[in-house]
Amino acid sequence: QCPHRSRRASDMSERAALLGRATSAAMSSSRASASASASESVVRHSARATDEDIELGDDGVRDRDRAFADVRACGTSSRATMGERAASAYDRHVRGGLSGAATCVLAVGAFAVACACGRAASVGGARAVRVGAALGDGVHETANLNAFTGSRFDHATGVALNGWLQLEDWFYANGETSIVDSDLGQAQGAVFPPVFTSSESLGFKWASEGELTMKLVEKLGEDAAVQALAAHRSDFLTNSDLEKIKGLGYQTLRVPITWAAFQGTDEKPTVLVHDPVYKDRAFVSLDKKELTSVLRTVHRVTGSTILLDMHNMPGGSSAGTYNGVFPHRPAFWDDEKTQLLGLHSARKMLEWYNDLAEADKDFIDGFTLLNEPAHMMPEKKEVMLNWMAKAIYMYREIVVRPRESMKRPVPKLYVNLMNTAGIAQNEYGKLMASWFDETELDHWAVLDVHFYLAWGNTGCESGCAFKCSDPIPKIAESVRASAAAFIGSIKRPAETYGVKHFSIGEWSLATHRDSSKGCSDSVVSQTVYKSQLKAFKAMGAKNFFWGWKMPNAGLHENFWSMDVYQTRMAAAQLGEQTSVTPRLGGAPTNQASLGNLPEIPLDDTTMSVVSSLLDKADVRASSMFEQAPSNLVRITPDIAPLGVDAEDAAQPVAEQPAVVPVATTGAFAAVHVELNPTHVVATAQPAQPVAAQPVQTVVEQPAQPVVEQPAQTVVEQPVQPVVEQP
């Protein structure tokens, strides 16, 4: 009976977290009294014990105590069959006291076995040893990692690789600012590694990826700007990162990308893509073959599947720096042609998936067609919902139907909904039922939401829901209750409409939007982390921590970097209280940051382009490259309605908007997306060969000659609307 009752105690913990059970009775029990009689220091540093009591709730504590009685009844003869950590916990329990008992429950929950009755618990300890070897050098090498790497129970199911293929200014604040959601007129981006590792070398501030790209173009010229973006993408994710992620056992990695990611062509995969609404904003597309190769490597090394998340749309589809055009007003929902271009962008992503080999399709967990649609734009609710319906129909036709006909697994579709878009949380399920049938809800349709304490149940030293100096039980209950209430308000009504799959697409350790005011104490951070996970686990939801690393974010790292959190927990095991000092110039300034030292990129080759750009970063493009005249090639992007080929849709046009030719060099070309009254077109500049500055990419490709094309003309073709299907 011992294993059964121990598992039941864990189950009751989940139920208590989901229902948001009041714990006043538990707090007034003898356990709470014992804690209250101790000094505040003892209370705060016995977080695992008191936190467990609070989160279990009345029923959970009662069943846990019964499990402890069974442990005593089983006797000590089974101790030899336990793993080292479980045996140690059992010894503490036998010696008596609340701390030992709760630690025993922690071991039970962590390793999914009983502390006694002959149930071995050695798997977790062995896995922790493997993880310790995988985490590499620095503070990780000597830390006792059992407490935070020995258990899937204590970890998120996924983490976001933010800052890699999609950029936000606060990721690169460099310790100069501390606000997460930049105010209008504020630009926090101060650096852009690996080329510009100091604010002096960059020479300007930037507020969004679109602004960064255009300012790089103004500073360096188009070729060098594209090379700087390519260098960042190649340098950001390292072998050490993959080994750490592997050790933590994440099921899925969320990879945010921009709407321009797939706008390149086979001939010119990496191109400059101008925003169709704001001419002073631009992005750089991805090489699809390189992306496939890198994601294949990520999956092979980590064992994690991939969730591709389209994080923004042309013109900006939400209010925030991540929309790509900030501080410009988001304009995506204002114009049908821009929305059509957004569908085209998502369609290109799905067609990339269809072109993958079957073995590569296996590591694609799913897609998000748009992150946080119409966030902080409730007046655009109806327009947004109409677009979402079209996007879901497109997903069904392009991905689901072919996969079903081949009797192959269908990748999940994560539908992200936000109450900040004017949608009541109890309406999410009704919307899902209107978009998906019962079979789809059973198999691949996922309701995805985001949960952040920093804009709700905040924590700081003054004026917040809880104080950073409050006793750990109070903080744990405050965080758990708010997470459980949020989840319950969504899950319970959604389940009545047949929704089966839920996801917390983003969450963090931040307790305040200003990272200089948040609770950075290691014990508090661990409490905030574990309390949220309890609620997510009770929901039965996949969850993705935002994000993996932010090596140039300064104070933000303590709350938004899982790499830094794990490093801090490792240091805490050595008896150190550590926080990350803001790093200037891209260099870590404390021992806990050693895991972020520059490392070899995924392809294990040096980036010659980085050194060449560093040498000439402060020189205008005119002195970096030999300028040569270039003809413009006019192309019509593949934005024809579904089922219509771009070649069939293209027609000659009598008048063309004036475009100023800009000389280009190297292996890149620029695409300029323009919105004409009746169609969307893009202008491209053929790349000119250049003797100097060879560009190395993640996957080496043989150099392809670029042949100048005579100017092409096309006749205007009215845009055909996407017809909704029942």
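Structure: see above.
Definitions and cut-offs
- Residues numbered from 1 in each chain as written.
- Predicted model: local features only at pLDDT ≥ 70, side-chain atom pairs only at ≥ 80, totals over all residues.
- Heavy atoms only, no water.
- Helix = DSSP H or I, 4+ residues; strand = E, 2+ residues; numbered from the N terminus.
- Expected span 1.5 Å × (residues − 1).
- Buried < 20%, exposed > 50% of the residue type's maximum accessible area, 1.4 Å probe, protein only.
- Polar contact = N/O pair within 3.5 Å; in protein donor to acceptor, adjacent residues only side chain to side chain.
- Phe/Tyr/Trp six-rings, centres within 6.5 Å; stacked < 30°, edge-to-face > 60°.
- Salt bridge = Lys/Arg side-chain N within 4 Å of Asp/Glu carboxyl O.
- Pairing = 2+ DSSP bridges.
- 1 Å grid on protein atoms, 1.4 Å probe; cavity = no way out; pocket = protein on both sides within 12 Å on 5 of 7 lines; lining within 4 Å.
- Points joined across faces, edges and corners; volume = space filled by probe spheres on them.

K.L.:
Quick one: what's the story with helix α22 (residues 522-539), residue by residue and with numbers?
P.N.:
With 18 residues, α22 should reach 26 Å at 1.5 Å per residue; the first-to-last C-alpha distance of 26 Å fits that figure. Counting buried positions along α22 yields 17 of 18 residues, so the element is predominantly enclosed. By the N-cap criterion, in which a side-chain oxygen at the helix start approaches the backbone nitrogen of a residue two or three places on, α22 is capped by Asp521, the distance to Val523 being 2.9 Å. Of the residues one or two after α22, Gly540 is the one with positive phi, at around 70°.

K.L.:
Would you mind going over the environment of Asn239 in detail, with residue names and values included?
P.N.:
Mapping Asn239 onto the fold places it in helix α14 (residues 239-248). Along the chain, Asn239 and Val301 lie 62 residues apart, while their C-alpha atoms are 8.7 Å from each other.

K.L.:
Before we move on, can you summarise the packing of aromatic side chains with the specific residues and values?
P.N.:
Using the criterion set out here, one finds 25 aromatic pairs in the structure. Centroid distance Trp170 to Trp560: 5.1 Å. Interplanar angle 75°. Geometry classified as edge-to-face. Of this pair, Trp170 sits in the loop between β1 (158-160) and α11 (199-202) while Trp560 sits in helix α23 (residues 557-560), and the two are 390 residues apart along the sequence. Judged on exposure class, the residue Trp170 and its partner Trp560 are both buried. Taking the centre distance of 5.6 Å and the plane angle of 40° together, the rings of Phe262 and Trp352 count as tilted. Note that Phe262 is positioned in the loop between β2 (252-257) and β3 (271-274) and Trp352 in helix α16 (residues 336-354), a separation of 90 residues in sequence. Given the relative accessible area of 1%, Phe262 is considered buried. One aromatic cluster in this structure is built from Trp170, Phe171, Tyr172, Phe192, Trp206, Tyr452, Trp455, Trp546 and Trp560.

K.L.:
Tell me what's going on with the pattern of salt bridges, and back it up with residues and numbers.
P.N.:
Scanning all chains against the criterion turns up 24 salt bridges. Measuring nitrogen to oxygen at the nearest pair gives 2.8 Å for the salt bridge that ties Asp334 to Lys380. Here Lys380 lies in the loop between β6 (364-368) and α18 (381-405) and Asp334 lies in the loop between β5 (305-310) and α16, a separation of 46 residues in the sequence. Under the relative-accessibility criterion, Asp334 is labelled partly exposed at 37%. Overlapping salt bridges bring together Asp181, Asp183 and Arg513 as one network.

K.L.:
Could you give an account of helix α13 (residues 222-236), naming the residues involved and the relevant values?
P.N.:
The terminal C-alpha atoms of α13 lie 21 Å apart, and with 15 residues this matches the ideal 21 Å at 1.5 Å per residue to within 8%. For α13, the buried fraction is high: 13 of the 15 residues fall into the buried class.

K.L.:
Tell me about the pairing of β3, and name the residues and values.
P.N.:
Neither face of β3 is exposed, since Val271 and Val273 on one face and Leu272 and His274 on the opposite face are all buried. Here β3 pairs with strand β4 (residues 282-284) via three bridges, running antiparallel. The residue bridging Val273 from the neighbouring strand is Phe283, located in β4.

K.L.:
Mind laying out the layout of surface pockets, listing which residues take part and the relevant values?
P.N.:
Over the atoms, a rolling probe the size of a water molecule traces out where space has been left empty. Roughly 860 Å³ of volume is contained in the second largest pocket. Glu372, His375, Met418, Tyr452 and Trp455 are, among the 38 residues lining the second largest pocket, the residues nearest its centre.

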